[in-house]
Amino acid sequence: MRRLLNFLVTLPFADAGTAQLPLSRLLRLSLFQVSVGMAMVLLYGTLNRVMVVELGVSAWLVSLMVALPLVFAPFRALIGHRSDYHHSAFGWRRVPYIAIGSMLQYGGFAIMPYSILILSDPANPLMIVGQLFAAASFLLVGAGLHTVQTAGLALATDLAPEEKRPRVVALLYAMLLLGMVASALLFGHLLEDFSHQRLVEVVHAVALATIVMNLIALWRQESIDLKRAVANIPRPPFAETWRAFLKGGLASRLLIALGLGTAGFSMQEILLEPYGAQVLGLTVSQTTTLTAILAGGTFAAFALSAYLLSRGGDSYRLAGSGALIGVFAFLLVIVSATAESPMLFRFGTALIGFGAGLLGVGTLTAAMGLAQRGNAGLALGAWGAVQATTQGLAIALGGALRDGITSMAEAGILGAEFTDPSLAYRVVYGLEVVLLVAALLVLIPLLLRARREASRAPAQFGLDQMP
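These numbers were taken from a predicted model, which means no experiment stands behind them.

1. A look at the pattern of salt bridges
Taken as a whole and judged by the stated rule, the model has one salt bridge. Notably, a salt bridge pairs glutamate 201 with arginine 198, separated by 3.6 Å at the nearest N-O pair. Of this pair, glutamate 201 and arginine 198 both sit in helix 9 (residues 196-218), three residues apart, roughly one helical turn. Here arginine 198 falls in the partly exposed class, since its relative accessible area comes to 31%.

Okay, here's the thing in structure tokens:
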């Protein structure tokens, strides 16, 4: 225990607590991030494996369902903006949005397992009902988790002193990743003996845990402000700052690199676990832990990035390193099938998380730098919109490619020598390598330009305005 405490005090967010916002209160607030991480693991990890492998649902349909929650991600900046000027009877700004988001998550998880079970029976005459309710459940959960996380991060920023905000939100982001790791391990244990009843029980337990944790997180966090309740605060427009943000081409090149890199890392979102099951013969429990490995790699990238950037590291170099590591990671995943090595596959998975973390942190920090020239909310909102949109499209495309190539291989269209189950996965992973190389090529001019600029103060990475 003492060694753990000694390790925690060395992390970049260990000094986040203050007299106004003690560490105990901050950790309680961070429970909303744990609930969001739990939902993300269930949506993007456990359920996609169960639907594709155990229940036999088509991968293209699974990829579409998993991508639906991302529809609401581009609106996170709008949600945060509206919560800034929200009017309520008690003067609360963030609490109503977190409460609404929690209820949306609960409703989505409540109907999700039953609609999924309907999808698993192709002969069921109520198949269209299952598809509609499955889509609705994924949409509800997506809208809920994005609303909760956006308003929750804004609430944390409101509560923390200005000089501590980067540390506070860095801690909350770390709690998100730790929540994902813990949830992945827990779900893997609970679903080791898979059954339809156990699946329903796990999803409903997540729905209940979401409400409980978010209620505990919110309790007496935001003060009642009756003056604000009757105030009339206008919302400012963003059109002019958007044009100023794109002026010069630097922002557009950064967003292109972000889009290519995000797509390169995201096409595998619903394929890693089925790949481990169908190609390497891993169990439900073993493939569920892949999400923990992926999140662990991302957490390591976050900690390293905070350390480097706080000491003057270059954000573009960090993003480029992430893309390069991603290329190497996907090559390892491809080779693991030939070598029949689950260990090599797990190592490649960890590097995928690590590379994605470096790319995300690097591009986000670069966007923060660009925001110094204009509106910070607009710059980081653009970062979130591009990241979320390309992620959703890439997830859907990855599932569609996997299904299409597998169907052609089984029909003999590709020839007798191309019937291996790993073929479709290899094609998708190869395309991701191409996208990451393209992202790296787009980042190189930005890195060279950054080197030519005059020396500046070290970047302080704290995700204090996470979109």
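2. Topic: the environment of alanine 99
Examined against the element boundaries, alanine 99 turns out to sit in helix 6 (residues 95-119). When the C-alpha atoms of alanine 99 and alanine 151 are compared, they prove to be 9.7 Å apart, with 52 residues separating the residues in sequence.

3. Let's talk about helix 15 (residues 315-339)
The end-to-end C-alpha distance of helix 15, which contains 25 residues, comes to 36 Å, matching closely the 36 Å that a straight helix rising 1.5 Å per residue would cover. The positive-phi residue at the C-terminal boundary of helix 15 is glutamate 340, with phi of around 50 degrees.

4. Topic: the confidence of the model for the chain
With 73% of its residues at a pLDDT of at least 70, the chain reaches an overall mean of 75. Least confident of the elements in the chain is helix 1 (residues 2-8), whose mean pLDDT is 48; most confident is helix 15, at 88. Across residues 373-377, where pLDDT falls below 50, the model places seven contacts with residues more than four positions away in sequence or in other chains. Residue range residues 457-467 is modelled with pLDDT below 50. Its contacts to residues more than four positions away, or to other chains, number 42 contacts.

5. Some remarks on the packing of helix 6 against helix 9
Across the interface, helix 6 lies against helix 9 with an axial gap of 9 Å and an inter-helix angle of 175 degrees. Classified by the angle their axes make, helix 6 and helix 9 are roughly antiparallel. Tallied by class, the residues present in the contact of helix 6 with helix 9 amount to 19 nonpolar, six polar and no charged.

6. Some words on the packing of aromatic side chains
Aromatic ring pairs are reported here in terms of the distance separating the ring centres and the angle at which the planes meet. Within this structure, the stated rule accounts for two aromatic pairs. Taken together, a centroid distance of 6.3 Å and an interplanar angle of 40 degrees make the contact between phenylalanine 265 and phenylalanine 330 tilted. Note that phenylalanine 265 is positioned in helix 12 (residues 250-266) and phenylalanine 330 in helix 15, a separation of 65 residues in sequence. A relative accessible area of 0% places phenylalanine 330 in the buried class. Taken together through their ring pairs, the aromatic side chains of Phe265, Phe330 and Tyr429 make up a single cluster.

7. Here's the deal with the environment of glycine 37
Tracing the chain through its elements places glycine 37 in helix 3 (residues 31-54). Distance from glycine 37 to valine 181, taken between C-alpha atoms, is 8.4 Å for residues 144 residues apart in sequence. Beyond its immediate sequence surroundings of up to four residues, glycine 37 is in contact with Leu176 and Met180.

8. A few points about the packing of helix 12 against helix 15
Running from amino to carboxyl end, helix 12 crosses helix 15 at an angle of 25 degrees, the nearest separation of the two axes being 11 Å. On the basis of the axis angle, helix 12 is roughly parallel to helix 15. The handedness of the crossing between helix 12 and helix 15 is left-handed. Note on element contacts: helix 15 touches helix 12 through Tyr316, Gly322, Gly326 and Phe330, opposite Leu250, Leu254, Gly264 and Phe265.

The rules behind each value
- Residues numbered from 1 in each chain as written.
- Predicted model: local features only at pLDDT ≥ 70, side-chain atom pairs only at ≥ 80, totals over all residues.
- Heavy atoms only, no water.
- Salt bridge = Lys/Arg side-chain N within 4 Å of Asp/Glu carboxyl O.
- Helix = DSSP H or I, 4+ residues; strand = E, 2+ residues; numbered from the N terminus.
- Buried < 20%, exposed > 50% of the residue type's maximum accessible area, 1.4 Å probe, protein only.
- Expected span 1.5 Å × (residues − 1).
- pLDDT = per-residue confidence, 0-100.
- Contact = heavy atoms within 4.5 Å.
- Axes fitted to C-alpha atoms, helices over the stretch in contact; angles between N-to-C directions.
- Parallel < 35°, antiparallel > 145°, perpendicular 65-115°, else oblique.
- Nonpolar A, V, L, I, M, F, W, Y, C, P; charged D, E, K, R; others polar.
- Phe/Tyr/Trp six-rings, centres within 6.5 Å; stacked < 30°, edge-to-face > 60°.
- Left-handed = near helix turned anticlockwise from the far one by under 90°.

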